[in-house]
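One-letter residues, chain by chain:
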Amino acid sequence: MSDTITIGVDHGYAAMKTTHCAFPTGLVGYDNEPYTQKDVLEYGGRFYVVGSGRQPLQKDKTVTEDYYLLTLAAIAKELAHRGAEPTAAVHLAAGLPLTSFGRDKKKFRAYLLRDGQPVSFRYEGIAYTVTIAEVSLFPQGYAAVLTQQELLDEPSVIVADIGGWTVDLMRLDNRIPNAATCRSLELGMIRCLDEIAEQVRRSLGLSMTATQIESVLRGEAGSTGEQAREIIHREAGAYVRRLLSAIAESGLDARAMPAVFLGGGAALLKRHVSATDGLCRPLILDDVCLNAKGYEVTLFDSKPMPGGLLRYGIPNFKLDKAVIDRRMKILEAEGILFKMGVHVDVQKLPAGFDAYTICTGTPTARDLSIPGRELKGIYFALDMLAQQNHI
(Lines give C-alpha, C1' and ligand atoms only; values in the text may rest on other atoms or scores of the structure.)
Protein backbone atom coordinates (compact mmCIF):
# COMPACT_ATOMS: atom_id res chain seq x y z
CA MET A 1 0.00 0.00 0.00
CA SER A 2 1.53 3.32 -1.09
CA ASP A 3 0.12 5.19 1.93
CA THR A 4 1.26 2.65 4.50
CA ILE A 5 2.94 4.21 7.54
CA THR A 6 6.08 2.49 8.81
CA ILE A 7 6.30 2.37 12.61
CA GLY A 8 9.22 0.83 14.47
CA VAL A 9 8.40 -0.71 17.86
CA ASP A 10 10.85 -2.10 20.40
CA HIS A 11 9.03 -4.59 22.67
CA GLY A 12 11.15 -4.40 25.81
CA TYR A 13 10.48 -6.19 29.09
CA ALA A 14 10.64 -2.90 31.01
CA ALA A 15 9.47 -0.42 28.39
CA MET A 16 7.85 -0.15 24.97
CA LYS A 17 9.58 2.21 22.57
CA THR A 18 8.74 3.78 19.21
CA THR A 19 10.77 6.36 17.32
CA HIS A 20 9.29 9.20 19.36
CA CYS A 21 7.67 7.60 22.43
CA ALA A 22 8.59 5.35 25.35
CA PHE A 23 6.44 4.05 28.19
CA PRO A 24 6.60 1.28 30.84
CA THR A 25 5.14 -2.12 29.93
CA GLY A 26 2.71 -2.29 32.85
CA LEU A 27 -0.85 -3.26 31.86
CA VAL A 28 -3.83 -3.46 34.22
CA GLY A 29 -7.22 -4.63 32.91
CA TYR A 30 -10.67 -3.49 34.08
CA ASP A 31 -14.20 -4.54 33.19
CA ASN A 32 -15.50 -1.01 33.79
CA GLU A 33 -14.25 2.33 32.53
CA PRO A 34 -11.56 3.88 34.79
CA TYR A 35 -11.91 7.36 36.23
CA THR A 36 -9.53 8.83 33.64
CA GLN A 37 -8.90 8.39 29.92
CA LYS A 38 -5.17 9.09 30.20
CA ASP A 39 -3.12 6.07 29.07
CA VAL A 40 -6.30 3.99 28.79
CA LEU A 41 -6.74 1.48 25.96
CA GLU A 42 -10.24 0.21 25.22
CA TYR A 43 -10.23 -3.04 23.27
CA GLY A 44 -12.53 -6.05 23.04
CA GLY A 45 -15.01 -4.65 25.57
CA ARG A 46 -12.38 -4.15 28.30
CA PHE A 47 -10.31 -1.23 29.54
CA TYR A 48 -6.54 -1.35 30.12
CA VAL A 49 -4.42 1.21 31.95
CA VAL A 50 -1.11 1.28 30.08
CA GLY A 51 2.28 2.11 31.57
CA SER A 52 1.63 1.34 35.24
CA GLY A 53 4.64 -0.65 36.45
CA ARG A 54 6.25 -3.28 34.23
CA GLN A 55 5.54 -6.71 32.79
CA PRO A 56 6.58 -9.86 34.65
CA LEU A 57 9.27 -11.84 32.87
CA GLN A 58 7.81 -13.51 29.76
CA LYS A 59 10.46 -15.32 27.77
CA ASP A 60 7.75 -16.02 25.17
CA LYS A 61 5.90 -12.75 24.63
CA THR A 62 3.23 -14.43 22.50
CA VAL A 63 1.80 -16.51 25.39
CA THR A 64 -0.55 -13.71 26.52
CA GLU A 65 -2.27 -10.81 24.76
CA ASP A 66 -0.33 -8.26 26.81
CA TYR A 67 2.31 -7.35 24.22
CA TYR A 68 -0.29 -7.16 21.44
CA LEU A 69 -2.28 -4.67 23.52
CA LEU A 70 0.89 -2.73 24.29
CA THR A 71 1.64 -2.69 20.55
CA LEU A 72 -1.76 -1.09 19.84
CA ALA A 73 -1.02 1.55 22.47
CA ALA A 74 2.42 2.19 20.96
CA ILE A 75 0.94 2.58 17.47
CA ALA A 76 -1.69 5.01 18.79
CA LYS A 77 0.94 7.10 20.57
CA GLU A 78 3.17 7.24 17.49
CA LEU A 79 0.31 8.14 15.15
CA ALA A 80 -0.75 10.92 17.51
CA HIS A 81 2.81 12.23 17.76
CA ARG A 82 3.12 12.33 13.96
CA GLY A 83 -0.26 14.01 13.56
CA ALA A 84 -1.45 11.11 11.39
CA GLU A 85 -5.06 10.04 10.90
CA PRO A 86 -6.41 7.49 13.42
CA THR A 87 -7.47 5.27 10.52
CA ALA A 88 -4.24 3.97 9.04
CA ALA A 89 -2.45 1.06 7.41
CA VAL A 90 0.76 0.30 9.28
CA HIS A 91 3.93 -1.53 8.32
CA LEU A 92 5.15 -2.64 11.73
CA ALA A 93 8.90 -3.04 12.18
CA ALA A 94 9.93 -4.82 15.37
CA GLY A 95 12.94 -6.53 16.86
CA LEU A 96 13.98 -9.81 18.43
CA PRO A 97 17.22 -10.79 20.19
CA LEU A 98 19.67 -12.27 17.70
CA THR A 99 20.07 -15.35 19.93
CA SER A 100 16.41 -16.31 19.37
CA PHE A 101 15.76 -14.54 16.08
CA GLY A 102 15.42 -17.61 13.86
CA ARG A 103 13.41 -19.55 16.44
CA ASP A 104 10.86 -16.83 17.31
CA LYS A 105 10.59 -14.83 14.09
CA LYS A 106 7.68 -16.69 12.47
CA LYS A 107 5.62 -16.94 15.65
CA PHE A 108 6.12 -13.31 16.70
CA ARG A 109 5.29 -12.04 13.22
CA ALA A 110 1.98 -13.97 13.21
CA TYR A 111 1.25 -12.74 16.74
CA LEU A 112 1.52 -9.10 15.62
CA LEU A 113 0.07 -9.42 12.12
CA ARG A 114 -3.28 -11.12 12.97
CA ASP A 115 -3.89 -11.91 9.28
CA GLY A 116 -3.67 -8.21 8.37
CA GLN A 117 -7.27 -7.50 9.37
CA PRO A 118 -8.40 -4.02 10.53
CA VAL A 119 -8.40 -3.63 14.34
CA SER A 120 -10.68 -1.12 16.06
CA PHE A 121 -9.86 0.25 19.50
CA ARG A 122 -9.83 3.48 21.49
CA TYR A 123 -6.83 5.06 23.12
CA GLU A 124 -7.18 8.05 25.44
CA GLY A 125 -10.73 8.48 24.15
CA ILE A 126 -9.78 8.57 20.45
CA ALA A 127 -11.19 5.88 18.14
CA TYR A 128 -8.58 4.11 15.99
CA THR A 129 -8.93 1.66 13.13
CA VAL A 130 -5.51 0.25 12.34
CA THR A 131 -4.60 -2.34 9.75
CA ILE A 132 -1.23 -3.94 10.42
CA ALA A 133 -0.58 -4.61 6.74
CA GLU A 134 2.91 -6.05 7.19
CA VAL A 135 5.31 -7.01 9.96
CA SER A 136 9.07 -7.04 9.48
CA LEU A 137 11.44 -8.28 12.17
CA PHE A 138 15.05 -7.29 12.79
CA PRO A 139 17.83 -8.25 15.22
CA GLN A 140 17.73 -5.96 18.26
CA GLY A 141 20.82 -3.89 18.89
CA TYR A 142 22.08 -4.40 15.35
CA ALA A 143 19.42 -2.05 13.98
CA ALA A 144 20.35 0.61 16.54
CA VAL A 145 24.09 0.41 15.88
CA LEU A 146 23.57 0.86 12.15
CA THR A 147 22.21 4.35 12.87
CA GLN A 148 25.67 5.36 14.19
CA GLN A 149 27.85 6.39 11.26
CA GLU A 150 31.07 6.58 13.31
CA LEU A 151 30.90 2.85 14.06
CA LEU A 152 30.56 1.62 10.51
CA ASP A 153 34.29 1.89 9.72
CA GLU A 154 35.40 -0.12 12.78
CA PRO A 155 36.54 -3.66 11.80
CA SER A 156 35.17 -5.20 15.03
CA VAL A 157 32.69 -3.81 17.54
CA ILE A 158 31.07 -5.32 20.65
CA VAL A 159 27.38 -4.52 21.06
CA ALA A 160 25.70 -4.84 24.48
CA ASP A 161 21.97 -4.08 24.48
CA ILE A 162 21.07 -3.64 28.17
CA GLY A 163 17.37 -4.30 28.45
CA GLY A 164 15.02 -4.84 31.35
CA TRP A 165 15.62 -8.55 31.98
CA THR A 166 18.53 -9.40 29.70
CA VAL A 167 21.74 -8.05 28.19
CA ASP A 168 22.06 -9.17 24.57
CA LEU A 169 25.63 -9.41 23.30
CA MET A 170 27.08 -9.72 19.83
CA ARG A 171 30.24 -8.81 17.96
CA LEU A 172 30.10 -7.13 14.58
CA ASP A 173 32.92 -7.93 12.17
CA ASN A 174 32.99 -5.57 9.19
CA ARG A 175 29.44 -4.49 10.13
CA ILE A 176 28.09 -8.07 10.04
CA PRO A 177 26.94 -9.86 13.23
CA ASN A 178 29.15 -12.81 14.12
CA ALA A 179 26.55 -15.43 15.06
CA ALA A 180 29.01 -17.45 17.14
CA THR A 181 29.45 -14.50 19.54
CA CYS A 182 25.76 -13.91 20.31
CA ARG A 183 24.80 -14.33 23.96
CA SER A 184 21.85 -13.36 26.15
CA LEU A 185 22.75 -12.73 29.80
CA GLU A 186 20.12 -12.41 32.55
CA LEU A 187 21.79 -9.27 33.90
CA GLY A 188 19.29 -6.61 32.81
CA MET A 189 18.38 -3.35 34.51
CA ILE A 190 15.54 -4.88 36.54
CA ARG A 191 17.99 -7.17 38.32
CA CYS A 192 20.31 -4.24 38.95
CA LEU A 193 17.50 -2.10 40.42
CA ASP A 194 16.24 -4.96 42.59
CA GLU A 195 19.73 -5.54 44.02
CA ILE A 196 20.17 -1.83 44.75
CA ALA A 197 16.77 -1.68 46.47
CA GLU A 198 17.70 -4.68 48.62
CA GLN A 199 21.01 -3.10 49.71
CA VAL A 200 19.28 0.18 50.63
CA ARG A 201 16.68 -1.77 52.61
CA ARG A 202 19.32 -3.76 54.50
CA SER A 203 21.53 -0.78 55.25
CA LEU A 204 19.02 1.98 55.94
CA GLY A 205 15.68 0.23 56.40
CA LEU A 206 14.22 2.21 53.48
CA SER A 207 11.97 0.74 50.77
CA MET A 208 12.83 2.80 47.70
CA THR A 209 10.94 2.45 44.43
CA ALA A 210 12.62 1.68 41.12
CA THR A 211 11.57 5.15 39.94
CA GLN A 212 13.45 6.79 42.82
CA ILE A 213 16.58 4.70 42.19
CA GLU A 214 16.53 5.46 38.44
CA SER A 215 16.22 9.19 39.23
CA VAL A 216 19.36 9.04 41.40
CA LEU A 217 21.26 7.08 38.75
CA ARG A 218 20.40 9.74 36.16
CA GLY A 219 21.85 12.38 38.47
CA GLU A 220 18.56 14.17 39.01
CA ALA A 221 17.95 16.37 42.04
CA GLY A 222 15.54 15.03 44.63
CA SER A 223 14.94 14.47 48.31
CA THR A 224 16.86 11.17 48.50
CA GLY A 225 19.38 11.30 51.34
CA GLU A 226 23.10 11.27 50.84
CA GLN A 227 23.59 7.85 52.43
CA ALA A 228 21.05 6.28 50.10
CA ARG A 229 22.67 8.00 47.10
CA GLU A 230 26.08 6.62 48.06
CA ILE A 231 24.70 3.08 48.29
CA ILE A 232 22.90 3.42 44.95
CA HIS A 233 26.03 4.57 43.12
CA ARG A 234 28.22 2.01 44.87
CA GLU A 235 25.93 -0.85 43.86
CA ALA A 236 25.60 0.54 40.33
CA GLY A 237 29.38 0.46 40.03
CA ALA A 238 29.41 -3.13 41.28
CA TYR A 239 26.76 -4.03 38.67
CA VAL A 240 28.89 -2.48 35.92
CA ARG A 241 31.92 -4.52 36.99
CA ARG A 242 29.87 -7.74 37.05
CA LEU A 243 28.54 -6.95 33.59
CA LEU A 244 32.01 -6.29 32.15
CA SER A 245 33.24 -9.51 33.76
CA ALA A 246 30.34 -11.44 32.19
CA ILE A 247 31.14 -9.91 28.79
CA ALA A 248 34.77 -11.03 29.12
CA GLU A 249 33.68 -14.53 30.17
CA SER A 250 31.57 -14.65 26.99
CA GLY A 251 34.77 -14.36 24.96
CA LEU A 252 34.46 -10.68 24.08
CA ASP A 253 37.42 -8.44 25.00
CA ALA A 254 36.01 -4.96 25.62
CA ARG A 255 39.56 -3.56 25.99
CA ALA A 256 40.62 -4.62 22.49
CA MET A 257 37.79 -3.07 20.50
CA PRO A 258 35.03 -0.47 20.95
CA ALA A 259 32.14 -1.63 23.11
CA VAL A 260 28.76 -0.08 22.33
CA PHE A 261 26.31 0.00 25.22
CA LEU A 262 22.69 0.83 24.46
CA GLY A 263 19.23 0.29 25.88
CA GLY A 264 17.76 1.23 29.24
CA GLY A 265 20.98 0.50 31.16
CA ALA A 266 23.29 2.56 28.95
CA ALA A 267 22.91 5.64 31.16
CA LEU A 268 24.34 3.61 34.06
CA LEU A 269 27.56 2.97 32.19
CA LYS A 270 27.76 6.56 31.11
CA ARG A 271 28.12 7.58 34.74
CA HIS A 272 30.18 4.68 36.10
CA VAL A 273 32.56 3.70 33.29
CA SER A 274 35.11 5.78 31.41
CA ALA A 275 37.77 4.83 28.93
CA THR A 276 40.49 5.71 31.45
CA ASP A 277 39.35 2.89 33.74
CA GLY A 278 41.01 0.46 31.37
CA LEU A 279 38.01 -1.85 31.66
CA CYS A 280 36.73 -1.16 28.17
CA ARG A 281 36.59 1.31 25.29
CA PRO A 282 32.96 2.39 25.74
CA LEU A 283 30.58 4.20 23.45
CA ILE A 284 27.32 4.92 25.28
CA LEU A 285 24.09 5.22 23.27
CA ASP A 286 21.54 6.14 25.93
CA ASP A 287 18.66 7.00 23.61
CA VAL A 288 16.21 4.23 24.55
CA CYS A 289 14.37 4.67 21.23
CA LEU A 290 17.40 3.80 19.06
CA ASN A 291 16.26 0.25 18.31
CA ALA A 292 12.90 1.50 17.08
CA LYS A 293 14.53 4.27 15.04
CA GLY A 294 16.86 1.79 13.41
CA TYR A 295 13.96 -0.29 12.11
CA GLU A 296 12.44 2.30 9.77
CA VAL A 297 13.81 2.69 6.23
CA THR A 298 11.83 4.16 3.32
CA LEU A 299 13.19 4.36 -0.23
CA PHE A 300 11.80 6.92 -2.69
CA ASP A 301 12.54 6.40 -6.39
CA SER A 302 11.36 8.29 -9.44
CA LYS A 303 11.38 5.12 -11.55
CA PRO A 304 8.40 2.71 -11.62
CA MET A 305 10.53 -0.18 -10.33
CA PRO A 306 13.57 -0.28 -7.99
CA GLY A 307 17.09 -1.20 -9.06
CA GLY A 308 18.42 1.94 -10.70
CA LEU A 309 21.20 1.40 -13.23
CA LEU A 310 21.18 -2.36 -12.58
CA ARG A 311 17.62 -2.55 -13.89
CA TYR A 312 17.57 0.20 -16.50
CA GLY A 313 21.19 0.34 -17.68
CA ILE A 314 22.31 -3.29 -17.97
CA PRO A 315 20.82 -5.61 -20.62
CA ASN A 316 19.20 -8.91 -19.64
CA PHE A 317 21.90 -11.10 -21.18
CA LYS A 318 24.36 -9.60 -18.68
CA LEU A 319 22.07 -9.33 -15.64
CA ASP A 320 18.64 -10.98 -15.72
CA LYS A 321 15.94 -8.85 -14.11
CA ALA A 322 14.81 -11.85 -12.06
CA VAL A 323 18.03 -11.52 -10.05
CA ILE A 324 17.19 -7.90 -9.23
CA ASP A 325 13.58 -8.79 -8.40
CA ARG A 326 14.76 -11.50 -6.00
CA ARG A 327 17.06 -9.06 -4.22
CA MET A 328 14.33 -6.43 -3.97
CA LYS A 329 11.97 -8.99 -2.42
CA ILE A 330 14.60 -9.81 0.20
CA LEU A 331 15.03 -6.11 1.05
CA GLU A 332 11.26 -5.65 1.20
CA ALA A 333 10.90 -8.68 3.49
CA GLU A 334 13.54 -7.14 5.76
CA GLY A 335 11.32 -4.11 6.24
CA ILE A 336 12.43 -1.55 3.65
CA LEU A 337 9.41 0.32 2.33
CA PHE A 338 9.64 1.16 -1.40
CA LYS A 339 7.72 4.17 -2.74
CA MET A 340 8.15 4.16 -6.51
CA GLY A 341 7.34 6.82 -9.07
CA VAL A 342 8.01 9.59 -6.56
CA HIS A 343 9.97 12.65 -7.65
CA VAL A 344 11.67 14.12 -4.57
CA ASP A 345 12.59 17.80 -4.39
CA VAL A 346 15.93 17.97 -2.56
CA GLN A 347 14.95 21.44 -1.35
CA LYS A 348 11.84 19.98 0.28
CA LEU A 349 12.58 16.47 1.50
CA PRO A 350 9.72 14.23 2.74
CA ALA A 351 8.86 14.96 6.37
CA GLY A 352 8.96 12.52 9.27
CA PHE A 353 12.52 11.18 8.95
CA ASP A 354 15.58 11.63 11.17
CA ALA A 355 18.23 11.12 8.47
CA TYR A 356 18.40 11.18 4.67
CA THR A 357 20.72 9.60 2.12
CA ILE A 358 20.49 11.06 -1.38
CA CYS A 359 21.64 8.64 -4.09
CA THR A 360 21.63 10.39 -7.45
CA GLY A 361 22.73 7.40 -9.55
CA THR A 362 23.87 8.03 -13.14
CA PRO A 363 20.98 9.75 -14.90
CA THR A 364 23.21 11.87 -17.19
CA ALA A 365 25.63 10.41 -19.71
CA ARG A 366 29.14 11.85 -20.03
CA ASP A 367 29.93 13.39 -23.38
CA LEU A 368 33.29 13.12 -25.13
CA SER A 369 35.04 15.97 -26.93
CA ILE A 370 36.69 13.94 -29.71
CA PRO A 371 36.81 14.27 -33.49
CA GLY A 372 33.68 12.93 -35.18
CA ARG A 373 31.48 13.25 -32.10
CA GLU A 374 29.11 15.49 -34.06
CA LEU A 375 28.45 12.87 -36.79
CA LYS A 376 24.97 11.40 -37.20
CA GLY A 377 24.17 8.01 -35.73
CA ILE A 378 26.26 8.45 -32.59
CA TYR A 379 24.21 8.13 -29.38
CA PHE A 380 24.79 7.90 -25.68
CA ALA A 381 24.84 4.25 -24.60
CA LEU A 382 23.08 5.17 -21.36
CA ASP A 383 20.08 6.60 -23.22
CA MET A 384 19.86 3.63 -25.55
CA LEU A 385 20.15 1.03 -22.77
CA ALA A 386 17.57 2.79 -20.61
CA GLN A 387 15.14 2.90 -23.52
CA GLN A 388 15.76 -0.76 -24.38
CA ASN A 389 15.27 -1.91 -20.79
CA HIS A 390 11.98 -0.03 -20.52
CA ILE A 391 10.54 -2.05 -23.43
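A. Expanded view of the overall build of the protein. When you go through the protein residue by residue, the secondary structure sums to 11 helices and 16 strands. Dimensions of the protein, computed from the C-alpha atoms along their principal axes, are close to 95 × 55 × 40 Å. Per-residue burial over the protein gives 42% buried out of 391 residues. In the protein, the proportion of contacts linking residues at least 24 apart, taken out of those at least 6 apart, comes to 64%. If you sum the accessible surface of the protein, you get close to 21,100 Å²; carbon and sulfur atoms cover 53% of it. Side-chain charges in the protein split into 43 positive and 46 negative, and the spacing between the mean points of these groups amounts to 4 Å.

B. Just a nonpolar patch on the surface, in detail. Residues Val 344, Val 346, Leu 349, Phe 353, Tyr 356 and Ile 358 make up a contiguous nonpolar surface patch of about 500 Å² in total accessible area. Its place among the elements puts Val 344 in the loop between strand S16 (336-340) and helix H11 (381-390). Residue classification places Val 344 among the partly exposed positions, given a relative accessible area of 37%.

C. Molecular detail of the sheet that holds strand S3 (residues 22-24). Overall, mixed pairing links the nine strands, which are arranged S3-S2-S1-S7-S9-S8-S5-S6-S4 in an open sheet. The open sheet has two free edges, formed respectively by S3 and strand S4 (27-30), since each of these has just one partner strand. On average, each strand axis in the sheet is tilted by 35 degrees relative to the strand beside it, whichever way the strands run. Here five bridges tie strand S1 (residues 5-11) to strand S7 (residues 87-96), and the two strands are oriented parallel to one another. Paired with Thr 6 across the two strands is His 91, which belongs to S7.

D. Geometry of the nonpolar core. Counting residues in each nonpolar core, the largest one holds 37 residues, and the members touching the most others are Leu 41, Val 50, Ile 75, Leu 92, Phe 121, Tyr 123 and Val 130. No other element matches helix H1 (residues 66-82), which puts 10 residues into this core. Ignoring any residue separated from it by four or fewer positions in sequence, one finds Phe 121 in contact with Leu 41, Glu 42, Tyr 43, Leu 72, Ala 76, Ile 126, Ala 127, Tyr 128 and Val 130.

E. Up close: empty space enclosed by the protein. Using the criterion set out here, one finds one cavity of 30 Å³ or more in the structure. Of the pockets and cavities examined, the largest cavity occupies roughly 50 Å³. Lining the largest cavity, in full, are Val 145, Leu 146, Leu 151, Leu 152, Glu 154, Val 157, Leu 172 and Arg 175. Tallied by class, the residues present in the lining of the largest cavity amount to six nonpolar, no polar and two charged.

F. Expanded view of the packing of helix H4 (residues 189-204) against helix H5 (residues 210-217). Put simply, H4 and H5 touch, their axes get as near as 10 Å, and they point 100 degrees apart. In terms of orientation, H4 lies roughly perpendicular with respect to H5. Note on element contacts: H5 touches H4 through Ala 210, Ile 213, Glu 214 and Leu 217, opposite Leu 193, Ile 196 and Ala 197. Residues that form the contact of H4 with H5 fall into these classes: six nonpolar, no polar and one charged.

Scoring rules and cut-offs
- Residues numbered from 1 in each chain as written.
- Predicted model: local features only at pLDDT ≥ 70, side-chain atom pairs only at ≥ 80, totals over all residues.
- Heavy atoms only, no water.
- Helix = DSSP H or I, 4+ residues; strand = E, 2+ residues; numbered from the N terminus.
- Buried < 20%, exposed > 50% of the residue type's maximum accessible area, 1.4 Å probe, protein only.
- Contact = heavy atoms within 4.5 Å.
- Areas by Shrake-Rupley, 256 points an atom, 1.4 Å probe, with all protein chains shown as cover.
- Lys, Arg positive; Asp, Glu negative; His and termini not counted.
- Charge placed at Lys NZ, Arg CZ, Asp CG, Glu CD.
- Patch = residues over 30% accessible without salt bridge, like charges linked within 9 Å, V, L, I, M, F, W, Y side chains within 5 Å.
- Salt bridge = Lys/Arg side-chain N within 4 Å of Asp/Glu carboxyl O.
- Pairing = 2+ DSSP bridges.
- Axes fitted to C-alpha atoms, helices over the stretch in contact; angles between N-to-C directions.
- Core = buried A, V, L, I, M, F, W, Y, C linked by side-chain atoms within 4.5 Å.
- 1 Å grid on protein atoms, 1.4 Å probe; cavity = no way out; pocket = protein on both sides within 12 Å on 5 of 7 lines; lining within 4 Å.
- Points joined across faces, edges and corners; volume = space filled by probe spheres on them.
- Nonpolar A, V, L, I, M, F, W, Y, C, P; charged D, E, K, R; others polar.
- Parallel < 35°, antiparallel > 145°, perpendicular 65-115°, else oblique.

Function-wise, these values are silent; they only describe arrangement.
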